[in-house]
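# Structural description and commentary
Letter by letter, the chains look like this.
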Amino acid sequence: ASYSKGGPFSGGHSSGHVNVEGFLAQADSEGEVYYDHVGPDYFHAIGARVLRGRDFASDDMHAGNVGAINATMAKYYFRDRDPIGRSVTLDDQTFTIVGVVRDVEYSDVRARPVRRVYLPDVDTSAHPKSFELQVHVRGDPARFVEPIRQVLLAADRNVPIEVTPLADRVRRSVSQDALLTQVTAFFGLIALVLAALGLYGITSYATSQRTGEFGLRAALGAEPWRVAGMVLRDAVVVAVSGVIVGVPIGLVATRWLRGALFGVSPADPASLSVSVATLVVAAIVASYLPAWRASKVSPLEALRAEN
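What you are looking at is a predicted structure, and each value in this text was computed from that prediction instead of being measured.

All right, on to the domain arrangement of the protein then. Domain boundaries in the protein define domain 1 (2-164) and domain 2 (169-305). Between domain 1 and domain 2, the C-alpha centre-to-centre distance is 51 Å.

What follows is the structure, encoded as structure tokens:
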């Protein structure tokens, strides 16, 4: 466990200006960073991987002259140089970098990583009225909510406590996006069903117009599965033709969806493959009944249809 004054998705942010050893800023904006005061083993508690150097130790809480930065800040200010051991001044506090940590999203999972500094929380005279306590658990975090609450209440029942799994905070931050996704998926499902019904109707009509042909094939000894395969093949050809036309149009349209995506590109091969496979399967399912009927056409039925 550890703590911070403004943890991930807590809504609290602090910003300042840095002067970095060996870096000449061309504008004030190049020195702007976000920072947080944290406790020992903070990166382990939030599950952030330390890329270089180390996590904060208990002794750092008394020193106050060390700090850590995220990967984005290390790349921006130090390029290919090793930032460990370099001096950085944040506002009026100078510290030595002892660790570089992987970028951690603090408020928006889709936002580009910002330059961030982590400092040990050593100013005991200025502790905030509230702080974030991070507890790293194994298994379902929801099972630990009540036990953690009881432990904290046992220490002081007058302190207001809110115990929330980090996953719940992340879900709340993307709640509107999740709702939009559900609505889009619902209308997408309706569109898929309507397309399947339309293909079923077209295939049924086309099959009824070829009753004589199917009967003749049956009279000449064609196997029922071959007749059914003809109908299914025609339906798949229609679906594949639609995919060939629709995929390029869809890729162009996804440019407007780029900002709503996280962890996946608009042209993600896996997503496109699943979409194409779904359409082909829907076409096969929609044409199965007409294909089955076509395979059951007898020569006698074909003669009646011709008359």
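Phi is positive for Asp41, close to 55 degrees, though the residue is something other than glycine. By the element assignment, Asp41 lies in the loop between β3 (32-38) and α1 (42-46). Within the chain, Arg79 stands out as a residue other than glycine whose phi angle is a positive 55 degrees. By the element assignment, Arg79 lies in the loop between α3 (71-78) and β6 (87-90). The class for Arg79 is exposed, based on a relative accessible area of 60%.

Turning to its location among the elements, His17 is positioned in strand β2 (residues 14-20). Taking the C-alpha atoms as reference points, His17 and Phe78, 61 residues apart in sequence, are found 16 Å from one another. When residues no more than four places from it in sequence are discounted, the contact partners of His17 are Asp28, Gly31, Glu32, Thr89, Leu90 and Asp91. In terms of polar contacts, His17 uses its side chain to reach the backbone carbonyl oxygen of Asp28, at 3.5 Å.

So, about helix α7 (residues 211-219). Every α-helix carries 3.6 residues per turn, so stepping three or four residues along brings you back to the same face. Among the residues making up α7, those that are buried are Thr211, Gly212, Phe214 and Gly215. Buried residues along α7 cover an arc of 165 degrees about the axis, so they all sit on one side. Of the residues trailing α7, Gly221 is marked for its positive phi of about 100 degrees.

So, about the packing of helix α8 (residues 224-253) against helix α9 (residues 269-295). The angle between the axes and the distance between the axes are what describe a pair of packed helices. Between α8 and α9, the shortest axis-to-axis distance is 8 Å and the interhelical angle comes to 150 degrees. As summarised for this structure, α8 and α9 are arranged roughly antiparallel, according to the angle between their axes. As α8 packs across α9, the resulting crossing turns out to be right-handed. Contacts between α8 and α9 involve Pro224, Val227, Ala228, Val231, Leu232, Ala235, Val236, Ala239, Val243, Val247 and Leu251 from the former and Leu272, Val276, Leu279, Ala283, Ile284, Ser287, Tyr288, Pro290, Ala291, Ala294 and Ser295 from the latter. Across the contact of α8 with α9, the residue classes break down as 20 nonpolar, 2 polar and no charged.

What counts as what
Residues numbered from 1 in each chain as written. Predicted model: local features only at pLDDT ≥ 70, side-chain atom pairs only at ≥ 80, totals over all residues. Heavy atoms only, no water. Domains from an automatic or database assignment. Helix = DSSP H or I, 4+ residues; strand = E, 2+ residues; numbered from the N terminus. Buried < 20%, exposed > 50% of the residue type's maximum accessible area, 1.4 Å probe, protein only. Contact = heavy atoms within 4.5 Å. Polar contact = N/O pair within 3.5 Å; in protein donor to acceptor, adjacent residues only side chain to side chain. Arc of directions from axis to C-beta. Axes fitted to C-alpha atoms, helices over the stretch in contact; angles between N-to-C directions. Parallel < 35°, antiparallel > 145°, perpendicular 65-115°, else oblique. Left-handed = near helix turned anticlockwise from the far one by under 90°. Nonpolar A, V, L, I, M, F, W, Y, C, P; charged D, E, K, R; others polar.

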